[in-house]
Every structure is written in C-alpha cells, then in structure tokens.
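Inside the fold
Chain residues, written in single-letter form:
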Amino acid sequence: MAASFAAQVVRGRWFMAYGSFLIMSAAGATYIFGIYSKDVKSTLGYTQEQLNTVGFFKDVGANIGIHAGLVAEVTPPWVVLAVGAAMNLGGYLMLYLSVAGRVRPAPPLWLVCLYIAVGANSQAFANTGALVTCVKNFPESRGVMLGLLKGFVGLSGAIFTQLYLAFYGPGGGGDTKPLILLVGWLPAAVSVVFLGAIRIIRAPPAVARREYRAFCAFLYVSLALAAFLLAAIVLQKRFRFTRAEYGVCAAVVFAMLLLPLGIVLREEAALFKFNTRNVAARADDAPALPPPPVTTAATATKPQESAKLGLPRLLRPPARGEDYTILQALVSVDMLLLFTATVFGVGGTLTAIDNMGQIGESLGYPRRSVATFVSLISIWNYLGRVTAGFASEALLARYRVPRPLLVAGVLLLTVPGHLLIAFGVPGSLYAASVLVGFCFGAAYPMILAIISELFGLKYYSTLYNVGNVASPVGSYILNVRVAGRMYDREAARQGAVAAAGNDNKGGLTCVGTRCYRESFLVVAAVTLGAAAVTLLLAWRTRAFYAGDIYARFKEGTATANGGVAGETDAGVDSNSKSKQQAPEVHDGRRGDDPMH
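Nothing here was measured: the structure is a model prediction, and the numbers come from that model.

Describing the packing of helix 16 (residues 333-354) against helix 20 (residues 428-455)
- For the pair helix 16 and helix 20, the least separation of the axes is 10 Å and the interaxial angle reads 160°. Judged by the inter-axis angle, helix 16 sits roughly antiparallel to helix 20. Judged by the sense of rotation from one axis to the other, the crossing of helix 16 with helix 20 is left-handed. Counted together, D334, M335, L338, T342, V346, T349, L350, A352 and I353 of helix 16 and V436, F440, A443, Y444, I447, I450, I451, L454 and F455 of helix 20 form the full contact between these two elements.
- For the contact of helix 16 with helix 20, the residue count by class is 15 nonpolar, two polar and one charged.

In structure tokens:
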C-alpha cells in the first residue's frame, strides 16, 4: 500500500506541478542582470549602449523560444527540459569565465552576446517544458496556474540574491561575478532533478473539482515565502548581516520551498483514497458503461485534421477559442494587436528592469541599494503575477471581464513608474521598482492566458513562444536604441568619458536626472499607446469573453474522463486506476513518454 502510494505521488499531477514550481523559481535568472551588469560593463570596458546590447541579447534568449515550442510538439517535455539545462550551464559558464578574466584575450562583444543569449534561452525551454505542460494538465485553471508559475519566476530574483549572499559572502556591493556562476549551475541542476516528473497527465473529474483548493494552498505558501523575502530585504538594507546570518536566510528560503510537498501529499492521498474506494465499483459498472467516446473524439479531431489539408482554410480561421493552426494564429488581427501591445508595454518594463543598476548609479544611490531594487522588483513581480492570475480568473468567471481589458489597466498603471524614473524624484526609485515590478508581473500571465484562450491549446507550445518574441523586440527598440543611446549621449555631453575608444575600461558614466529623463518619457508615451491597443483588443473580443470560454473543456472532461476530446496532447496518465475508467483518446501527435 505504501509503495503504491509513493509511486502515485511521484507520478502524479501534483508532484508534476510542484516540480514545475521549483523549475520556475530557478528560471528567472534573467531578471537579476541589473545586479551583475556593472561588473560586465567595467571588466569588459563597455559603453552603456554596448552593455544594453548585451542586455538585449539576454532578453532575446529568454523570450525567443519558437524553436523550443516546435521541439515540444514532437518530443516529450523531459527532452525540452534537458536541452534547456545544457544550454543554461554552457552559456552562463562561458559568460562567467569571460567576465572573471579566465578567457584570454577577452572575447569580442558579439561572442559575449552569444554566451548570454544561449544561457538565457534555457528559460524559454524551461517555460515550454514545465509551464506549457502545466497549462495543458490544468486547462480549466490556466489563469491561476499561469499566475502561480510566473509568480515563482518573479520570486527567483530575490531567491537568487539570498543564495548568492549566503554562498559567496556578505556585502551586496562587492564582487558579483560569482552570481553569474550560480545562475549557471543551479537552474540546470533543478531541471535535471525533475526531468522524469514533467509530463502530460490527465485527471478524473472528481480530482479536477479539487484544483482550486490546492492552488489556494500553493498561493498561501508562496505568499509566505514572498513576505519572508521582503522582510529579509528590509532588514539587510537596514543592518549589515554576517555571512552566517545570510546563511540562515537562505536556509529558511530552502525550507519554504519544500513546504508545498505537504500539499502534494494531501492531494495525492485524497486521490489514492478515492481510487481505492471506487475501484471495485468501477469494475462492476464497466459492462454497463456506454461505448467509449471514440466517435465523438474522432469527430472533434476531423475538422482539425482537415484544417491541415489546404491553404484556403488559412483564410477562414476557426472561431475564437477553437484550435488555430500556427499560421492561422500568426496572421490573425488579434495576435497582431496582442503582439504590438506586448512590444511597447512589456518592452518598457524590461527597459526599466535591465537598467536599474545604472539608473540607481546615475541618481546617486549607493551600490548596495541596487540589489535592494532588484529584489523589490522580483517580489512585486511575483505579487503582480499571482494577483493577476487569481483575480483575472475570478473576474472572468463571475463577471465575464475580458482579460485584455485588465491588461490595459495594468499597462496604464505602469506609466507612473516610468515617470518617477524620468524625473528622478529623491527616494522615488523604491516606489518605481515596486510599480514596474508589479505591472510587469501582472501583464505577463494574462497575455499568455489570452493566447491560450483565443487560439486554443493544441499548438500552445509554439504560440506561447510566439507571444514571447514581442518582449525582446520591445527591449531592443526601447532599451538599446532609445535608453542606451540617450544615456551615452548625455554622458558625452557631461564630459564623463575617461578615455577614448576601446581603451576606456570604465565605459561611459552619466550622473544626474537627465541621464534617463528623455528615454523614460518616450517609454511612458509608448506604454500609453500599448494600453490603447489592448483596449481595442478587449473591444474586439468582448463577445467571446461574455460566454463560457471553458465550455469545451468541461464537455471534454465529462466525455473523456479529464482529457479534452481532440486535445489530449501526449496521452500519458500517471494513474493506472484512472485508465480503467475510460479509454484514452489520442490525437496522434505524440506517443507515451519514453521516460515512463
């Protein structure tokens, strides 16, 4: 009995969700670029525009994952995660060796950009392997699931900061090069540990009804973790901690990351009890059950198959909420509007996050405060994600509030944060960190949920990554071409160039509120435009969101025992007893997970 329960836990949906949470909590290393960017700039002798170019390629790697989505369409999730782990270790290890001076001569700019792009691209593979799998396993709770998963990504910056201070000594203002090494090996190790747990698993209806209760429990644990991290940040800012005290903080973080295992055991114990109690009844009732719903599933999949047969179908995409093909989604007006809003809305928040170190320096904040800003962004990023995930799901279910309308509101809330940076009000950077972090976190899970709702889940692995491409595009336009160039121009005007050409090891240094004023006024203006575009999308989709957008999943659960008719992506069920309730229905795209 104990062995059967242990096997069920390890192969169950909730352990899969827990593993995904841990993978996400280690997959946000791109958000702490602001901590070690000053060392990259000084040791490699970059100008601000060159440093922002490195940051741009970091964003490119983190967000361009169409190839990861295509790989996920034809391989099980563990393959995607394994590739991501290898890229993370290789890319960041080479970046560390370059910044630490272990590579002679120093690599050229394009090679450093390649290193960080490869390392950051592992985040796209982690998201595709873990996050997309979770969304497919919990289709009726996708908003909540996206909020939680993206919330743990948001917390990862603060988690990494605590681990860095514990592993490599106190200070917060010293050598940050070891942090690059930490973000190289730790995320790869976490992904490898959970390779066998992340896969498509379908649940019986009785289990699906318990989902929200379990998600609330995960939320409470994550809120406690965020509260502890916030308290630790405040205390570390006020007092100078010893290495042992930083170690205690890191130990508490580790312990709180293990707490969700109790929720996993509770949910799997309820499922185990349910299966044990009803296995005999299911066996007795089996002859009386109606024939397997193979015809229904086949009927549901035929239109999808016929959609692949000819180009004319591309000009007549299905109704919103049905399964679009990749090309149908790419040429749709809804995707164009959503992509544009993400470019200029999310791209502006990424510009603020990537430049936080230089913004603090230009406004005269002590270097120790930079880690505080990054941690504040990380925690409020988390709060924005979980708030958006749960609140948008509740408002959609109760009042049919379109998710695009909520995204527009979040983008409008971002504007004051950009204005605080632009005008450099004394002490305002703390408030700006909170606003930018919260709004960046709130917008992202809702945008990803909108993609799954409008275009279906069949090709979500790829469409999810299509949406992510918008972020690096916005980062390049606003961060490299606008903020970086304007910073260097102002630094040159101030006469802050220590030496000309490539011999300048200190790079350009700008001091004062003028360094980022014009660039963030531009960012604020385009964010207003992005909010207007999102309002247009909300108007276009108002009829769709006024209905029950999850009706087809509820119908599929009733007919296919937790699997969606025509949308059973991998055909893997970890619970053998669940398989006795009804036959599995495959869509023919992928076989069982070879790891199991």
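Now, onward.
A closer look at the state of the cysteines
- Enumeration over the complete set of coordinates arrives at one disulfide.
- Covalent S-S linkage joins C510 and C515, the inter-sulfur distance amounting to 2.0 Å. Looking along the S-S bond of the C510-C515 disulfide, the torsion reads about -95°, which is the left-handed sense.
- A relative accessible area of 0% places C510 in the buried class.
- Its relative accessible area of 1% is what places C515 among the buried residues.

So, the confidence of the model for the protein
- Summing up the model confidence of the protein, the mean pLDDT is 81 and the portion of residues at 70 or higher is 82%.
- Within the model, the stretch residues 496-506 combines pLDDT values under 50 with twelve contacts to residues more than four positions away or in other chains.

Description of the nonpolar core
- In this structure, M24 and Y36 are the most contacted members of the largest nonpolar core, which totals 153 residues.
- Per-element accounting of this core gives the leading share, 16 residues, to helix 20.
- Discounting chain neighbours no more than four positions away, the residues touching M24 are A126, N127, A130, L131, L149, F152, V153 and S156.
- Of all hydrophobic cores here, the second largest spans five residues; its members include A68, A72, V80 and M87.

Regarding the environment of R542
- Tracing the chain through its elements places R542 in helix 24 (residues 542-546).
- In this structure R542 comes out as partly exposed when scored by relative accessible area, which is 44%.
- A sequence separation of 141 residues divides R542 from V401, and the C-alpha atoms of the two residues are 8.4 Å apart.
- There is a polar contact of 2.4 Å between the side chain of R542 and the backbone oxygen of W539.

A closer look at helix 19 (residues 403-423)
- Its 21 residues give helix 19 an end-to-end C-alpha distance of 32 Å, which sits within 8% of 30 Å, the value for a rise of 1.5 Å per residue.
- The complete set of buried residues in helix 19 reads R403, P404, V407, A408, V410, L411, T414, V415, G417, H418, I421 and A422.
- Of the residues trailing helix 19, G424 is marked for its positive phi of about 55°.

Quick notes on helix 7 (residues 109-137)
- An ideal rise of 1.5 Å per residue puts 42 Å on 29 residues; helix 7 measures up with 42 Å between its terminal C-alpha atoms.
- The largest bend along helix 7 reaches roughly 30° and is located at N127.
- In terms of burial, helix 7 is largely enclosed, as 25 of its 29 residues are buried.

Here's the deal with a nonpolar patch on the surface
- Together, L89, L93, F167, Y168, W185 and F254 make up an exposed nonpolar region whose accessible area comes to about 520 Å².
- Those elements giving two or more residues to the nonpolar patch turn out to be helix 6 (77-99) and helix 8 (142-168).
- Locating L89 in the fold gives a position in helix 6.

Some remarks on the environment of S378
- On the secondary structure map, S378 appears in helix 18 (residues 368-399).
- Residues S378 and T161 lie 217 residues apart in sequence; the distance between their C-alpha atoms is 9.9 Å.
- If we ignore the near neighbours within four places in the chain, the residues touching S378 are G154, L155, S156, G157 and A158.

So, how was this worked out
Residues numbered from 1 in each chain as written. Predicted model: local features only at pLDDT ≥ 70, side-chain atom pairs only at ≥ 80, totals over all residues. Heavy atoms only, no water. Axes fitted to C-alpha atoms, helices over the stretch in contact; angles between N-to-C directions. Helix = DSSP H or I, 4+ residues; strand = E, 2+ residues; numbered from the N terminus. Parallel < 35°, antiparallel > 145°, perpendicular 65-115°, else oblique. Left-handed = near helix turned anticlockwise from the far one by under 90°. Contact = heavy atoms within 4.5 Å. Nonpolar A, V, L, I, M, F, W, Y, C, P; charged D, E, K, R; others polar. Disulfide = S-S within 2.5 Å. Buried < 20%, exposed > 50% of the residue type's maximum accessible area, 1.4 Å probe, protein only. pLDDT = per-residue confidence, 0-100. Core = buried A, V, L, I, M, F, W, Y, C linked by side-chain atoms within 4.5 Å. Polar contact = N/O pair within 3.5 Å; in protein donor to acceptor, adjacent residues only side chain to side chain. Expected span 1.5 Å × (residues − 1). Bend = angle between axes of the 7 residues up to and from the residue. Patch = residues over 30% accessible without salt bridge, like charges linked within 9 Å, V, L, I, M, F, W, Y side chains within 5 Å. Areas by Shrake-Rupley, 256 points an atom, 1.4 Å probe, with all protein chains shown as cover. Salt bridge = Lys/Arg side-chain N within 4 Å of Asp/Glu carboxyl O.

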